[in-house]
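# Commentary on secondary and tertiary structure
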Amino acid sequence: MAQTPTTFEVDGTAICTRRMNAGMDVQQLADQVGITDSYLRKLERGVRTRMKPGPYQALRAALNANENELLRAPHPNPPERK
């Protein structure tokens, strides 16, 4: 059985593009999702990349995005740990 991740790594550029295409400003989307406009700006700029499941689901719903459209692509070669 698949377990829900504790956080989602999001793609800020995808969020920004979807928001602008929906004709929303940062404050409108943040209010709809239930997060601060500051946090949303940080997500869009890539300063913050992780979201908890509840806000992530609300963001997806507000932007009418499918399961993977707002997620960052996995790194093809993750760095080795030393």
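Computed from a prediction, not measured in an experiment: that's the story for all the values here. (Residues numbered from 1 in each chain as written. Predicted model: local features only at pLDDT ≥ 70, side-chain atom pairs only at ≥ 80, totals over all residues. Heavy atoms only, no water.)

### Re helix 3 (residues 37-45)
What counts here: Burial here depends on accessible area, computed with a 1.4 Å probe over protein chains only, as a share of the maximum for the residue type. Under 20% is buried, over 50% is exposed, and the range in between is partly exposed. Only DSSP runs of H or I with at least four residues qualify as helices, and only runs of E with at least two residues qualify as strands; both kinds are numbered from the N terminus onward. In this description, one arc is meant: the one made by directions from the helix axis to the C-beta atoms.
Residues Tyr-39, Leu-40, Leu-43 and Glu-44 constitute the buried set of helix 3. Projected down its long axis, helix 3 shows its buried positions confined to an angular sector of 135 degrees, all on one face. At the C-terminal side of helix 3, Gly-46 shows a positive phi close to 85 degrees.

### Observations concerning the packing of aromatic side chains
Using the following cut-off: Two rings belonging to Phe, Tyr or Trp (six-membered ring only in the last case) form a pair when the distance between their centres is within 6.5 Å. Interplanar angles under 30 degrees mark stacking, angles over 60 mark edge-to-face geometry, and anything in between is tilted.
By the definition in use, this model includes one aromatic pair. Each ring, one from Phe-8 and one from Tyr-56, has its centre 4.3 Å from the other, and the planes form 20 degrees; the classification is stacked. Linking Phe-8 in strand 1 (residues 8-9) with Tyr-56 in helix 4 (residues 53-62), this pair joins segments that are 48 residues apart in sequence. Tyr-56 carries the same exposure label as Phe-8, and that label is buried.

### Regarding the nonpolar core
Operational definition: Only buried residues count toward a nonpolar core. Its members are Ala, Val, Leu, Ile, Met, Phe, Trp, Tyr and Cys residues joined through side-chain atoms within 4.5 Å. Contacts: residue pairs with any heavy atoms within 4.5 Å of one another.
Within the largest apolar cluster, 20 residues are counted, with the highest numbers of intra-cluster contacts made by Leu-29, Leu-59 and Leu-70. Every element with two or more residues in this core is listed here: helix 1 (12-21), helix 2 (26-33), helix 3 and helix 4. Residue contributions to this core peak at four residues, all from helix 2. The contacts of Leu-70, once residues within four sequence positions are left out, are Glu-9, Val-10, Asp-11, Ala-14, Ile-15, Arg-18, Tyr-56, Leu-59, Arg-60, Leu-63 and Ala-65.

### Focus on the side chain of Glu-44
The condition that has to hold: Polar contact is defined as a pair of N or O atoms within 3.5 Å, subject to the rule that within protein one atom must be able to donate a hydrogen and the other to accept it, and that residues adjacent in sequence are counted only when both atoms are side-chain atoms.
Positionally, Glu-44 belongs in helix 3. Given the relative accessible area of 13%, Glu-44 is considered buried. Within polar-contact distance, the side chain of Glu-44 engages the side chain of Arg-19 at 2.6 Å. When residues no more than four places from it in sequence are discounted, the contact partners of Glu-44 are Gly-12, Thr-13, Ile-15, Cys-16, Arg-19 and Val-26.

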